[in-house]
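What follows is each chain in one-letter form.
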Amino acid sequence: MKLSARFHRISRRIGAGLATFVLLPAAFCAVAAAAELSESDFKFDGPLGSQGAQIERVGSNHFHITLGHAPKQPTWCNMLYFHITGNAKSNTLRLDVSFPGGDRYRFNHNSATWAYDAENWQAIRWVNPDEPRRRGDSLLFPEFTEEEVWFGAQVPMSYENVVELMERWGRHPHATVHVLGQSLGGRNLYRLEIADPESPVPPAERWVHWMGNQHPGEHNSQWRMVGMVDWLLSDAGADCRRRSISHFVLMNSPDGPSNGWYRVNAQGIDMNRSYFPHGADEEKQAHEAYIVQKDLEELMASDAPVTNLWSMHTWGGLVEPIMVCGPEMGTVLGPWQEFRRIMQENDPQGLIKPLAIRQKPGNGTYWNNGPHIQFGITTILCEGSGDWTCKQRSLDAGAALMKTLADYYHGTRPAER
Ligand SMILES: [Zn+2]
């Protein structure tokens, strides 16, 4: 920082806080001398990172960030995440952000949040979120009151958060944490299984629910699943745990958050174009997708095959489930309209759109279509909430979805033949 800039800054502060200056000159000067932010205060390779991001100082607490792109996808920008590791207090911040590779997936199309602790996230708006042709956009932060700041898209969830959640949930006697394998970056691929092992209902007579997230940057769908798990492990979920088995793959591309990858894994493969409806293929399939699909195929071959499978995503608006019905709907259970009615009853806050139906599955590489094509089971594409900035809303929507599964899938599953 230039000496003149520092002098100017100190003069401005003295003007604003003369009384304090007179009473506590030594302490005040220590505060006033706090430096402006510099490029080296920004970290882009922590638990929430942005691979390839470059930062350049433009002026006082004003920087330009050029985003990098997803592996093998030069037109797909990485999302912006960063950690200001110190020196933020008493500074404001203006960031101008751009991506030279195009606007195929805009970095400003989701909500944005920031936090002092990577936990209590608060909203900040991009200046021009509604201009799809605009490649650059800006963020204007208020004066910070703490030294460290985290920024991310939607309400961020790091891989480290997933590990903490698995440790917490794994202590519940009805939860089992399975490690299916490792990502290309060496992170665990988890499947959380929840069922009451003391229940008299044998596995073959239990309803089986499977929930997974494919796109690593769609964090609000991950928090939605956290809400499902928390409801299921609460007292309210005890009856459901006796009659069912529930599986959760919270993050199918766990290398994503530390790199800012929105849709892909390290091979640059769109993780929701990664299902192989004719069977998992170790050589041709995306590494992490193969591991999870192979595990799903083993579940399908077990005596407790999956009854319904949820592919969790985000786009704008309310949470939006779209279903392709399996054989239990309208036969041993009520028609899909009953599912829709129960879901609306369980959603007093109006966080979820009325259930929509698709008669036939589309592209089989999508995780909401492929398992229906492969196994004929009920599948649900669950979108929405990408513009939310409140974690609690996603948790509440997830609780409503899980309660709906518990209510609609009542009793036990009729034994096969
Ligand atoms: Zn998605």
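So, how was this worked out
- Residues numbered from 1 in each chain as written.
- Predicted model: local features only at pLDDT ≥ 70, side-chain atom pairs only at ≥ 80, totals over all residues.
- Pairing = 2+ DSSP bridges.
- Helix = DSSP H or I, 4+ residues; strand = E, 2+ residues; numbered from the N terminus.
- Buried ≥ 20, exposed ≤ 12 C-beta atoms within 10 Å, placed from the backbone.
- Contact = placed C-beta atoms within 7 Å.
- Domains from an automatic or database assignment.
- Nonpolar A, V, L, I, M, F, W, Y, C, P; charged D, E, K, R; others polar.
- Axes fitted to C-alpha atoms, helices over the stretch in contact; angles between N-to-C directions.
- Core = buried A, V, L, I, M, F, W, Y, C linked by C-beta atoms within 7 Å.

## Things to note about the pairing of strand E12 (residues 175-182)
For a regular strand, side chains alternate in direction, first toward one face of the sheet and then toward the other. Relative to strand E13 (residues 188-194), E12 runs antiparallel, the two being bridged by seven bridges. Bridging from a neighbouring strand, Val177 pairs with Leu192 of E13. Hairpin remark: E12 followed by E13, antiparallel, with five residues in the connecting loop; positive phi at Gly186, about 85°.

## Brief notes about the pairing of strand E14 (residues 207-213)
With seven of seven residues buried, E14 is to be regarded as a mostly interior element. Covered by surrounding structure in E14 are Trp207, His209, Met211 and Asn213 together with Val208, Trp210 and Gly212, the residues of both alternating faces. Both E14 and strand E15 (residues 244-249) contribute to a ladder of six bridges, which runs parallel. For Trp207, the partnering residue across the bridge sits in E15 and is Ser244. Bridge analysis of E14 against strand E16 (residues 308-312) gives five bridges, and the strand direction is parallel. Residue pairing in the sheet places Trp210 in a bridge with Leu309 of E16.

## Description of the environment of Ile342
As for its placement among the helices and strands, Ile342 is situated in helix H8 (residues 336-345). Look at Ile342 and you get buried, because 20 C-beta atoms sit within 10 Å. Measuring from C-alpha to C-alpha, the distance between Ile342 and Asp407 comes to 7.3 Å, with 65 residues separating the pair along the chain. In this structure Ile342 touches Thr404, Asp407 and Tyr408, once residues within four positions along its chain are discounted.

## Some thoughts on the sheet that holds strand E9 (residues 122-124)
What the five strands build is an open sheet, ordered E1-E6-E11-E8-E9; its pairing is antiparallel. If you trace the sheet from one side to the other, it starts and ends with strand E1 (42-43) and E9, each paired once.

## Observations concerning the domain arrangement of the chain
One can read the domain layout of the chain as domain 1 (1-33), domain 2 (37-153) and domain 3 (159-408). In this structure, domain 2 and domain 3 have C-alpha centres spaced 30 Å apart. Facing 22 residues of domain 2, the contacting portion of domain 3 comprises 19 residues. Of the residues that constitute the side of domain 2 that touches domain 3, the class distribution is 12 nonpolar, nine polar and one charged.

## Quick word on unusual backbone geometry
In this structure, Asn61 is a non-glycine residue whose phi angle is positive, near 50°. If you trace the backbone, Asn61 turns up in the loop between strand E2 (54-59) and strand E3 (62-66).

## Considering the sheet that holds strand E7 (residues 93-98)
In a beta sheet, neighbouring strands are held together by backbone hydrogen bonds and run either parallel or antiparallel to one another. Spatially, four strands are ordered E2-E3-E7-E10 in an open sheet, and the strand pairing comes out mixed. Strands at the two margins of the open sheet, each flanked by one partner only, are E2 and strand E10 (137-141). Neighbouring strand axes in the sheet, compared pairwise and without regard to direction, differ in orientation by 20° on average. The pairing of E2 with E3 spans five bridges and is antiparallel. Bridging across to E3, Ile55 finds its partner in Ile65.

## Quick word on the nonpolar core
If you look at soluble globular proteins, the nonpolar side chains tend to sit buried side by side. Core analysis: the biggest nonpolar cluster contains 106 residues, and Leu80, Met228 and Val229 have the highest contact counts within it. In terms of residue count, the dominant contributor to this core is helix H10 (residues 391-408) (nine residues). Inspection of this core shows a minimum of three residues originating in each of domain 2 (37-153) and domain 3 (159-408). Leu80 has contacts with Ser50, Ala53, Ile65, Leu67, Val97, Phe107, Phe151, Ala153 and Gly260, leaving out every residue within four places of it along the chain.

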